[in-house]
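# Residue-level structure breakdown
Okay, here's what each chain looks like letter by letter:
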Amino acid sequence: MAIVPQTATSAYPGRSWNARLYPGTLATTARFREDLRHDLAELAGSAPDLLDDLLLCGSEMFANAVNHTRSGRADGRVVRTLSVPAATDRGTTLRLSVIDDGLPDDSAGLPRIPVQRTAQEWEDAECGRGLLLVSNLAAAWGTRAVVDFPFCGALGTVVWAEFTHATCSSGLAAGC
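This text gives an overview of the structure that appears in the document. (Residues numbered from 1 in each chain as written. Predicted model: local features only at pLDDT ≥ 70, side-chain atom pairs only at ≥ 80, totals over all residues. Heavy atoms only, no water.)

## Things to note about the pattern of salt bridges
Oppositely charged side chains are able to pair whenever their charged atoms sit close together. Rules: We define a salt bridge as a contact between a side-chain nitrogen of Lys or Arg and a carboxyl oxygen of Asp or Glu at a distance within 4 Å. The secondary structure listing takes helices from DSSP runs of H or I that are at least 4 residues long and strands from runs of E that are at least 2 residues long, numbered from the N terminus.
Enumeration over the complete set of coordinates arrives at 7 salt bridges. The partner of arginine 15 in a salt bridge is glutamate 42, and the shortest N-O contact between them spans 2.1 Å. Taken as a pair, arginine 15 in strand S1 (residues 15-16) and glutamate 42 in the loop between helix H1 (29-40) and helix H2 (48-68) lie far apart in primary sequence, 27 residues in all. Its salt-bridge partner being glutamate 34, residue arginine 37 comes within 2.9 Å of it at the nearest N-O pair. Taken together, the residues span about one helical turn, with arginine 37 and glutamate 34 both in helix H1 at a distance of 3 residues.

## Quick word on the packing of aromatic side chains
Worth spelling out the cut-off: Two rings from Phe, Tyr or Trp (for Trp, the six-membered ring) form a pair when their centres sit within 6.5 Å of each other. Planes less than 30 degrees apart are called stacked, planes more than 60 degrees apart edge-to-face, and all others tilted. Working definition: with a 1.4 Å probe on protein chains only, accessible area under 20% of the residue-type maximum means buried, over 50% means exposed, and in between means partly exposed. To sit over a ring, a charge needs its Lys NZ or Arg CZ within 6 Å of the ring centre and within 35 degrees of the ring normal.
Per the stated rule, a full pass over the model turns up 3 aromatic pairs. An angle of 85° between the planes, with centres 6.0 Å apart, marks the rings of tyrosine 22 and phenylalanine 62 as edge-to-face. Taken together, the residues tyrosine 22 in strand S2 (residues 20-23) and phenylalanine 62 in helix H2 connect sequence positions 40 residues apart. The interplanar angle of 35° and the centroid separation of 4.9 Å between the aromatic rings of phenylalanine 32 and phenylalanine 62 together place this pair among those described as tilted. Note that phenylalanine 32 is positioned in helix H1 and phenylalanine 62 in helix H2, a separation of 30 residues in sequence. By the burial criterion, phenylalanine 32 is buried, and phenylalanine 62 matches it. Taken together, the ring pairs connect Tyr22, Phe32 and Phe62 into an aromatic cluster. The ring of tryptophan 17 has arginine 15 sitting right over it, with the charged end atom 4.1 Å from the ring centre. Directly above the ring of tryptophan 160 sits arginine 95, whose terminal nitrogen or CZ lies 4.3 Å from the centroid.

## Overview of the packing of H1 against H2
Stated precisely, the cut-off is as follows: Think of each axis as a best-fit line through the C-alpha atoms, taken over the contacting stretch in the case of a helix, with angles from 0 to 180 degrees between the N-to-C directions. Each crossing is labelled by how the near helix is turned from the far one, with a counterclockwise turn of less than a right angle marking it left-handed and a clockwise turn marking it right-handed. Contacts were defined at the residue level, with two residues in contact if any of their heavy atoms lie within 4.5 Å. Three classes are used, and their members are as follows: Ala, Val, Leu, Ile, Met, Phe, Trp, Tyr, Cys and Pro are nonpolar, Asp, Glu, Lys and Arg are charged, and the others, Gly among them, are polar.
Look at H1 against H2: their axes get within 10 Å of each other, and the N-to-C directions meet at 145°. Once H1 is placed against H2, the crossing between them reads as right-handed. Where H1 abuts H2, its residues Thr29, Phe32, Arg33, Leu36, Arg37 and Leu40 lie against Leu51, Leu54, Leu55, Gly58, Ser59 and Phe62. Taken together, the residues of the contact of H1 with H2 break down into 7 nonpolar, 3 polar and 2 charged.

Spelled out as C-alpha cells, the structure:
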C-alpha cells in the first residue's frame, strides 16, 4: 500500500457542524456571526477572504430570514447549518444554509434578487442588496422549501450558499 501525503483539508469532506437555532431577532445577528466565526476557526489554514465572505453572506441571509419571513415574529426562529460537502485536489467547498420559519401569508414567494430596478432605484433602495451580495460572493447559491411537497410550502425556506476556495498543502487558501 502506497503512502500518499494528504493535505490538511483531506479530513474535511463530509464534515458538518451541529445545526444552531437562534431567536428571530436582528439583535441576534451578532451572536450568529460570532458562532459562525467560531465554527470556521476549526478549519486549519482558512483564507481570510473565505471567512469574510461567509460572515458577510451569513449575516445577510440571517437578516433576510428575520425581516422577510415568519422568523421575525415574536416566537420566530432561524436555523443555521454549515458543512463541507466536497473537497477535491482543486478546492474545498463549504455550504452555509439558513432556514426560516416560513413565508408570511402576504409573501410574494421564495427569496430572490430584485431584477426590475433602474440604476436610480438601486441607488435609492434601502433593501434588496443582501442576496445580490450573496450571489456575487458565493460560488453558488439558491433557495428551496424545507419540505418539497405541495401543501408544505409554509413550513420554511432554506437559503444556501456555497463557497469554494483553492486547496493548498497547508489547508484552505485563496491564492495558492
